[in-house]
Amino acid sequence: MKEYNITVVPTQNPAILKFETNQLLTQGNNYEFKNIDEAKKSPLAQQLFYLPFIKTVYISGNFIALERFDIVDWEDVKDEVAQQLVEYLNAGEPVVLEEASGKKVPVTVYAEVTPNPSTMKFVASRKIVPEAFEFKNIDEAAESELAKQLFHFPFVKQVFLDENYVSISKYEMAQWDEITMELREFIRDFIADGKEAVSADARGVKTVSDPKEQEISENLDDISLQIIDILEEYVKPAVASDGGNILFKSYEQESKTVNVILQGACSGCPSSTYTLKNGIETMLKNMMGEKVNEVVALNG
């Protein structure tokens, strides 16, 4: 089973600290508990209230937010709390005792065109996966029931999942005006039935949002890390809005070439070359000067 990891994230309220997880904790519901009596259906929240400085516990899809009393500063206790959460979650203890009532989960899904005419983005009103996943065929989709079922449609070529949307690439045999409604309703019904889009131990794609992990595994140099920061802050949000993703692959010091991987709607998109040269490459050259000469993209 995939292990839980915790990332501590400050909020605008200095009394509240978020502990984000790499896996979903609830079925899309949000919970707020102000004392141990209110937390009867959350064993995790009950345990947290045994900490004398915990005032309020918030539990959402992929994070736990805690409000403290003024008797402590988060800087003094945050690491201890994070460790306690990691140990609790990895022990397989329940977070919230959610009722499996068979009721439909309220959700809406709408279709959104992308710059790639072969790819359509289906956006849900709730989070469906904690990180990005890409599946090029049904064999790769063994740990994603949603992707596996989508591949049963003969016109589905590739599936990309991220946060609250599904990007579907089709074969030329079908036209979007003939299949969009069918796909939208299928995705909506799948989510409404409370099914998990991916299994708990599924591993997402390696993204530029985790430069520390890349630094450890690939011994990235300072220039590579600067490139990753720029891609993360300026490029990734734009390509995500179009139903795609961009990954840093490598930096060649001699040729000053940046290699990236395009996924989802960006993969195989006719306009991706223009975006790459006139957008990403120009931005990196302007921000990094002579350190970057060219950006080359590989389709995911």
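For the structure, see preceding data.
Everything in this summary refers to the structure shown in the same document. (Residues numbered from 1 in each chain as written. Predicted model: local features only at pLDDT ≥ 70, side-chain atom pairs only at ≥ 80, totals over all residues. Heavy atoms only, no water.)

1. Describing the overall build of the chain
- Of regular secondary structure, the chain possesses seven helices and 13 strands.
- Buried positions account for 48% of the 300 residues belonging to the chain.
- At a minimum sequence separation of 6, the contacts of the chain that also span at least 24 residues come to 59%.
- Just so you have it, the chain exposes about 15,600 Å², and 48% of that area is on carbon and sulfur atoms. (Helix = DSSP H or I, 4+ residues; strand = E, 2+ residues; numbered from the N terminus. Buried < 20%, exposed > 50% of the residue type's maximum accessible area, 1.4 Å probe, protein only. Contact = heavy atoms within 4.5 Å. Areas by Shrake-Rupley, 256 points an atom, 1.4 Å probe, with all protein chains shown as cover.)

2. Let's talk about the sheet that holds strand 4 (residues 54-59)
- In spatial order, the strands read 1-2-5-4-3; together these five strands make up an open sheet with antiparallel pairing. Because the sheet does not close on itself, it has two edges, and the strands there are strand 1 (6-10) and strand 3 (31-33). Strand after strand, the sheet turns through a mean of 20° between neighbouring axes, direction not considered.
- Note that strand 1 and strand 2 (residues 16-21) share five bridges and pair antiparallel. Bridging from a neighbouring strand, Val9 pairs with Lys18 of strand 2. (Pairing = 2+ DSSP bridges. Axes fitted to C-alpha atoms, helices over the stretch in contact; angles between N-to-C directions.)

3. Here's the deal with the pairing of strand 4
- Inspection of the sheet shows strand 3 paired to strand 4 by three bridges, in the antiparallel sense. When the bridges of strand 4 are listed, Glu32 appears paired with Tyr58.
- The pairing of strand 4 with strand 5 (residues 63-68) spans five bridges and is antiparallel. Among the inter-strand pairings, Thr56 is bridged to a residue of strand 5, identified as Glu67.
- Hairpin connection, strand 4 to strand 5: the antiparallel pair is bridged by three residues.

4. Re the pairing of strand 11 (residues 244-252)
- Relative to strand 12 (residues 257-264), strand 11 runs antiparallel, the two being bridged by eight bridges. Bridging across to strand 12, Gly244 finds its partner in Gly264.
- Following strand 11, the chain reverses through four residues before pairing antiparallel with strand 12; Lys256 in that reversal takes a positive phi of roughly 55°.

5. Remarks on the side chain of Ser169
- Mapped onto the elements, Ser169 comes out in strand 10 (residues 165-170).
- The class for Ser169 is buried, based on a relative accessible area of 10%.
- With sequence-adjacent residues up to four places away left out, Ser169 is seen in contact with Ser118, Thr119, Phe155, Val156, Lys157, Gln158 and Gly264.

6. Overview of the pattern of salt bridges
- Enumeration according to the criterion identifies 10 salt bridges in this entry.
- For Glu75, the salt bridge goes to Lys78, with nearest N and O atoms at 3.4 Å. With a gap of three residues between them, Glu75 and Lys78 both fall in helix 2 (residues 74-90), about one helical turn apart.
- Its relative accessible area of 22% is what places Lys78 among the partly exposed residues. (Salt bridge = Lys/Arg side-chain N within 4 Å of Asp/Glu carboxyl O.)

7. As for the nonpolar core
- Within the largest apolar cluster, 33 residues are counted, with the highest numbers of intra-cluster contacts made by Leu150, Leu161, Val166, Ile168, Leu183 and Ile187.
- Of all the secondary-structure elements, those providing two or more residues to this core are strand 7 (119-124), strand 8 (133-135), helix 3 (145-150), strand 9 (156-162), strand 10 and helix 4 (176-192).
- At eight residues, the largest contribution of residues to this core is made by helix 4.
- Ignoring anything within four residues of it in the chain, the contact list for Val166 reads Met120, Lys121, Phe122, Ile128, Leu146, Leu150, Val159, Phe160, Leu161 and Ile187.
- Grouped together as the second largest cluster of nonpolar side chains are 30 residues, Phe49, Ile64, Val81 and Leu85 included. (Core = buried A, V, L, I, M, F, W, Y, C linked by side-chain atoms within 4.5 Å.)

8. Structural notes on unusual backbone geometry
- Positioned with a positive phi, Glu163 is a non-glycine residue whose angle comes to about 50°.
- Along the chain, Glu163 falls in the loop between strand 9 and strand 10.
- Glu163 sits in the partly exposed class, given a relative accessible area of 36%.
- Located in the positive-phi region is Lys256, a residue other than glycine, with phi close to 55°.

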